[in-house]
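One letter stands for each residue in the lines below.
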Amino acid sequence: MTGIGMLSVEDQMAIESHIKDFLVKSESQWGALVDRGGNLFAENGDIGQVDLMIMCALAAGSFAATKELAKRLGEGEFTALYHEGSNMSILMTSLHFDCLLITVFTGNTNIGLVRFYAQQTAGTLNQCLLSASESAANAEPLLLDAEYSGDQNIIS
């Protein structure tokens, strides 16, 4: 599939709402929708003073490396990647449109609970992304006012 494309304000709010609901159900601290390049599209929760842009880029890179490992084993890709730490853990779940659901949670949270709700949320987010993609494909092109059209000379 292709990338995530344009999201309307309504799409963005719906995605953020689904992530928030997922965090409550899974008892996780933070969740995000990112593309495979590490670009952050939506997030909810709190993980303290972590630089979110670097976090997303590293998570996407980790998932990309794992995709190559999967190929070596004859798999197309692994659908989830889990890293367990002594205090914090991370689960990355593959979505359509070259996206990932990244979840950060503490050792007090059960990985089975997180995986269960991550799979449900992945399905919901995939539907949101599909709907957003269809809406963007059917949207009318933007028309510019005459003052911004190519008819006028632009001074550089």
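Residues numbered from 1 in each chain as written. Predicted model: local features only at pLDDT ≥ 70, side-chain atom pairs only at ≥ 80, totals over all residues. Heavy atoms only, no water.

A. Highlighting helix α2 (residues 52-72). Between its first and last C-alpha atoms α2 spans 31 Å; for 21 residues at 1.5 Å apiece the expected length is 30 Å, and the two agree. Residues M55, C56, A59, A60, F63, T66 and A70 constitute the buried set of α2. Along the long axis of α2, the arc covered by the buried residues comes to 125°, so they all point the same way. Summarising the geometry of α2, the exposed residues directed more than 90 degrees from the buried face are L58, L69 and R72. Phi turns positive, to about 85°, at G74, one or two residues after α2. (Helix = DSSP H or I, 4+ residues; strand = E, 2+ residues; numbered from the N terminus. Expected span 1.5 Å × (residues − 1). Buried < 20%, exposed > 50% of the residue type's maximum accessible area, 1.4 Å probe, protein only. Arc of directions from axis to C-beta.)

B. The pairing of strand β2 (residues 40-45), seen in detail. Pairing of strand β1 (residues 30-35) with β2, which is carried by five bridges, proceeds in the antiparallel orientation. Bridge pairing in β2 links A32 to E43. Hairpin connection between β1 and β2: a loop of four residues separates the two successive antiparallel strands, and G38 in this loop has a positive phi of roughly 90°. (Pairing = 2+ DSSP bridges.)

C. Layout of the pattern of salt bridges. Applying the stated rule across the entire model yields three salt bridges. In this structure, K25 and D21 form a salt bridge, with 3.2 Å as the shortest nitrogen-oxygen distance. Taken together, the positions of K25 and D21, both in helix α1 (residues 9-26) and four residues apart, correspond to about one turn of that helix. Here E77 makes a salt bridge to R36, at a shortest N to O gap of 3.1 Å. Remark: R36 occurs in the loop between β1 and β2 and E77 occurs in the loop between α2 and β3 (80-84); sequence separation between them is 41 residues. (Salt bridge = Lys/Arg side-chain N within 4 Å of Asp/Glu carboxyl O.)

D. Just the sheet that holds β3, in detail. If you walk across this open sheet you meet the five strands as β2-β1-β5-β4-β3, and the pairing is antiparallel. Each edge of the open sheet is held by one strand with a lone partner, namely β2 and β3. Pairwise comparison of adjacent strand axes, ignoring direction, gives a mean angle of 10° for this sheet. Note that β3 and strand β4 (residues 88-95) share five bridges and pair antiparallel. Among the inter-strand pairings, L81 is bridged to a residue of β4, identified as M92. Of the strands in this sheet, β1, β2 and β5 (99-106) are in contact with α1, which crosses β2 at around 40°. (Axes fitted to C-alpha atoms, helices over the stretch in contact; angles between N-to-C directions. Contact = heavy atoms within 4.5 Å.)

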